[in-house]
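Observations on chain architecture
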Amino acid sequence: MLLLADSSLRHLAGSVTWWIECPISTRGAFDSMVAPVSLVAAISDRVHEVLDGAPARVDAIDDRYALLREIDER
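Residues numbered from 1 in each chain as written. Predicted model: local features only at pLDDT ≥ 70, side-chain atom pairs only at ≥ 80, totals over all residues. Heavy atoms only, no water.

Some thoughts on the environment of proline 23
Structurally, the position occupied by proline 23 is in the loop between β2 (18-21) and α1 (34-50). With relative accessibility at 56%, the residue proline 23 sits in the exposed group. Separated by 31 residues in sequence, proline 23 and alanine 54 have C-alpha atoms that sit 30 Å apart. Non-local contacts of proline 23, meaning those with residues more than four positions away in its chain, are made with Ser32 and Ala35. (Helix = DSSP H or I, 4+ residues; strand = E, 2+ residues; numbered from the N terminus. Buried < 20%, exposed > 50% of the residue type's maximum accessible area, 1.4 Å probe, protein only. Contact = heavy atoms within 4.5 Å.)

Side note on the pattern of salt bridges
A side chain of one charge can pair with a side chain of the opposite charge if their charged atoms are brought near each other. Scanning all chains against the criterion turns up 2 salt bridges. Between arginine 10 and glutamate 21 there is a salt bridge, with the nearest N and O atoms lying 2.8 Å from each other. Of the two residues, arginine 10 is situated in the loop between β1 (2-5) and β2 and glutamate 21 in strand β2; the sequence distance between them amounts to 11 residues. Looking at arginine 10, the relative accessible area reads 46%, which means it is partly exposed. (Salt bridge = Lys/Arg side-chain N within 4 Å of Asp/Glu carboxyl O.)

What to know about the pairing of β1
Each regular strand displays side chains that alternate between the two surfaces of the sheet. Burial of β1 is one-sided: the residues Leu3 and Ala5 facing one way are buried, the residues Leu2 and Leu4 facing the other way are not. Of the strand pairs in this sheet, β1 and β2 are connected by 4 bridges, and their pairing is parallel. Bridge pairing in β2 links leucine 3 to tryptophan 19. (Pairing = 2+ DSSP bridges.)

Structure (structure tokens):
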């Protein structure tokens, strides 16, 4: 199990196989989710590359979105 979280969940790190801390605090007024979102995107892309059938499944999902007009194509 992978736990991807900021330091507030560090106490759970011993309960998982992998722990990746992604700080969200910045010097600015607002927290930034750039690091964790980028990491999730990179992991997802890699899983998509190595998982058999993933491209066909994504294509099928895209087709259903188009059929249901779930995505606004302006």
